[in-house]
Amino acid sequence: MFETWIQQLVNSLTIGGMYTLVAVGFTLFFGVLRLINFAHGEVFMLGGFTGLVVAWLAEDLGIESGLLIIFLMFVFSMAVCAVIGALMERFAYRPVRGMPVLIMLVTSLAVGIVVREAVKEFFPEGANPHAFYSPFKYDSFNLGSVVLDYTQIGLILTSIVLVYAVYLLVAKTWVGRAMRATSEDLDAARMMGIDVDIVIRNTFFLGSALGGVAGVMNGLLYLSIRFDMGWVMAIKGFTAAVVGGLGNIYGAMFGGYIVAAVEVLVVALIPEGSRYKDVFVFLLLIGVLVFRPSGLLRAPEQKVG
Amino acid sequence: MPEVDFIDTQVAREDTRTLAEKARDRLALGGCQVALFAAFLVGIALEDAILVTGFLLFIVAGAVGWGRMPKLNSWARNHLARDKRFAQLVLLALLVLFPFVFLDNPYLIHLGALAAIFAIMALGLNITLGFCGLLDVGFAVYFAAGAYASSQLAVIFDVSFWIGLPIGGLTAAFFGFLVAWPALRVSDHYLALVTLGYGLIMNLLHRNFTFLTHGTDGVINIPPPSIFGWDFVTPIEIGDLELPFQMNFYFLALIITVLTVFVSIRLRDSNLGRQWEAIREDEVAARCFGVNVRRLKIIAFSTGAFFGGIGGAVFAHMIGFVHPDNFVLLTSIMILAMVIIGGMGNIAGVVVGAVALTLIPERLREFEDLRMLLFGGALVLIMIYRPQGLFPNSRRRRELQAEKINTLIAESGRDDAEAPGLPDEVKV
């Protein structure tokens, strides 16, 4: 019994880390642009595919070390996704900035469709699932009677390190301060001499890069990627962001783990739970939006824009 | 110069035209309509995807050119307004004629029926979104509710379509009522997320509640509607001429669409519609003037959903097969896009949007999956260059212009920037 619970904890920490990385992106975009970037899930998917391409290239180049390849995957998918995210912002979201909610919403949905279909059409065999590269597939070690997977441990550590790095970036640096200022009040930030365009671009760099990392992590964990996997992750991601309070960066860091915990608990406790786990995630989404729209972590009377 | 708005400012003027002038005007108007309709027929009869693309580009170019000529625009609108009843009759006659043109191509008639069904649903969403301003990204829920309710009644209990149809609508209205409760407490982004989550939950339930929906097997063998023992799939024969049975569905859908348009117009101009409009414009102000916002929002959700359900019921009985894949998020996005592209709040525009978004993808079948890519790209471009839709509701058009100007003012960093060409009311 005890072992199962440890196992569930490890599972939820792994996927929670992934959700958190995606959620941070959502919450950052919402903060600076008041936009729910539905295309973010597709950036996540692109991250996975970039990782796959890097792995293929690395094999061609004869790179042996699994760790190095994984490192390269992370770096390249961060770079590619950051650029894609910034391009999205420049060419799709900037023209509709300040428009009514509906317009921005439909724009982001449409951008998501474009990215997803582009991968499906132009990636070789894009419509089929692709086996992902993973050097440590079956490597695990025993801790007492608990079997732990190296990949999972690695992913948990990676996500914690990254989330902490984001925390430092947002809390301690000038760039982060500009981001927080813009989130709080775009006009006031502008009056204080912050170049809002650059801040928004930086935000998209950062958020999309994290999404890309999550895409690679997803591939390493499930060993298979598909062009349409982004959408599910987008829902989990913004549920996590909503749980933490949309626009609240620190909240999003915990939201991912909460969503993952709910999912794992539903699967563990409810018979046939795996069929209904997403239903519970969406119920969590609706419930939080209706009863605690500012997120679980913030005092309910504080109002968010 | 502030833009003169004909729809808002026009008062019923006495018709001073002589009989000859009237006849001339109507002839010209009817001629234009017939010409446009002929162009439309040519467009949907095109088989080759390249030709269709060319045709679409031609239309886009025409529309852009048309937009550049405000004088011609208002002149045309003026003429249309003067002979409105006549224009409506001509349009109706043309729509009735439509299937007779394609007697040897029943697939096109089928497409016409499908377009009419989606027009019903888009008009439903138009009530929620266009009239009351409530963002609903889960409209497929109501589509599904109507389709499942009426089809299962027919399959299991052998209930006639004519009873299943209103029950399907009411079931959908109930689902609209269900989401209205949480939706009342949130607005804007949060409302969009709530309805989105609702749509996703419902789609998962369609897949998993197999005792109600047969899950991913779908509901099969849905009987076609019948009337006095005559089945809708039996072709009508007039003399030697056998009319394709798709025509029966086309006329069924057309009649319901016309009814929906009629109800929409009456709703818009009713007390209810005015109150919805007030809520859409400013909820707080509406409440101050004694509008029961809560009640009206619930009514808006349910009424919109009702038409979604009606559309779903007709759809189920026409296709004869209902599957959860019909009711995914993409369906909701499609219906949403119909309303937005057509022009939110504008009934005629929404119908045009629905017809366009049903027919164009079908005619571009040769491009296969590339269609979706094109759809997404086109949607982005429309959002950027024409967010008010093709035929905007006049008030909404001004709103969006104002938002754009305000953004520009904010971007330029100068609050004192004059907004040229706009009335004072839009400056904040």
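Residues numbered from 1 in each chain as written. Chains lettered and ligands numbered in written order. Predicted model: local features only at pLDDT ≥ 70, side-chain atom pairs only at ≥ 80, totals over all residues. Heavy atoms only, no water.

1. Some points on the packing of helix α9 (residues 230-244) of chain A against helix α9 (residues 188-208) of chain B
Packing of α9 of chain A against α9 of chain B leaves a shortest axis separation of 12 Å and a crossing angle of 135°. Comparing the axis directions of α9 of chain A and α9 of chain B gives the class oblique. Crossing hand, α9 of chain A versus α9 of chain B: left-handed. From α9 of chain A, Trp231, Ile235, Phe238 and Val242 of chain A reach across to α9 of chain B, where they touch Leu193, Leu196 and Leu200 of chain B. Class assignment of the residues belonging to the contact of α9 of chain A with α9 of chain B gives a composition of seven nonpolar, no polar and no charged. (Axes fitted to C-alpha atoms, helices over the stretch in contact; angles between N-to-C directions. Helix = DSSP H or I, 4+ residues; strand = E, 2+ residues; numbered from the N terminus. Parallel < 35°, antiparallel > 145°, perpendicular 65-115°, else oblique. Left-handed = near helix turned anticlockwise from the far one by under 90°. Contact = heavy atoms within 4.5 Å. Nonpolar A, V, L, I, M, F, W, Y, C, P; charged D, E, K, R; others polar.)

2. A look at the domain arrangement of chain B
Residue and element names in this part refer to chain B. In terms of domain boundaries, chain B breaks down into domain 1 (19-101) and domain 2 (106-392). The gap between the C-alpha centroids of domain 1 and domain 2 is 26 Å. Each partner contributes to the interface: domain 1 provides 18 residues, whereas domain 2 provides 16 residues. The largest per-residue losses of area from domain 1 upon contact with domain 2 belong to Ile44, Ala49 and Pro99, which jointly make up 32% of the total buried on that side. Applying the counting criterion to the domain 1 and domain 2 interface returns zero salt bridges. Inspection of the domain 1/domain 2 interface yields one residue pair in polar contact (both at pLDDT 80 or more). (Domains from an automatic or database assignment. Buried area = accessible area lost by both parts, 1.4 Å probe. Salt bridge = Lys/Arg side-chain N within 4 Å of Asp/Glu carboxyl O. Polar contact = N/O pair within 3.5 Å; in protein donor to acceptor, adjacent residues only side chain to side chain.)

3. Comments concerning the confidence of the model for chain A
Per-residue confidence for chain A gives a mean pLDDT of 87; residues scoring 70 or more make up 96%. Contacts of residues 300-305 of chain A to residues separated by more than four positions or lying in other chains number eight contacts, the stretch itself having pLDDT below 50. (pLDDT = per-residue confidence, 0-100.)

4. What about the confidence of the model for chain B?
Interpretation of the predicted coordinates at a detailed level should be avoided for regions scoring low in pLDDT. Residues and elements named next belong to chain B. Residues at a pLDDT of 70 or more form 88% of chain B, whose mean pLDDT is 83. Across residues 1-11 the pLDDT falls below 50, and counting only partners more than four positions away or on other chains, this stretch makes 16 contacts in the model. Contacts from residues 414-428, a stretch scored under 50 in pLDDT, to residues over four places away or in other chains number 15 contacts. Model confidence for the complex is summarised by a pTM of 0.86, with the ipTM given as 0.87.

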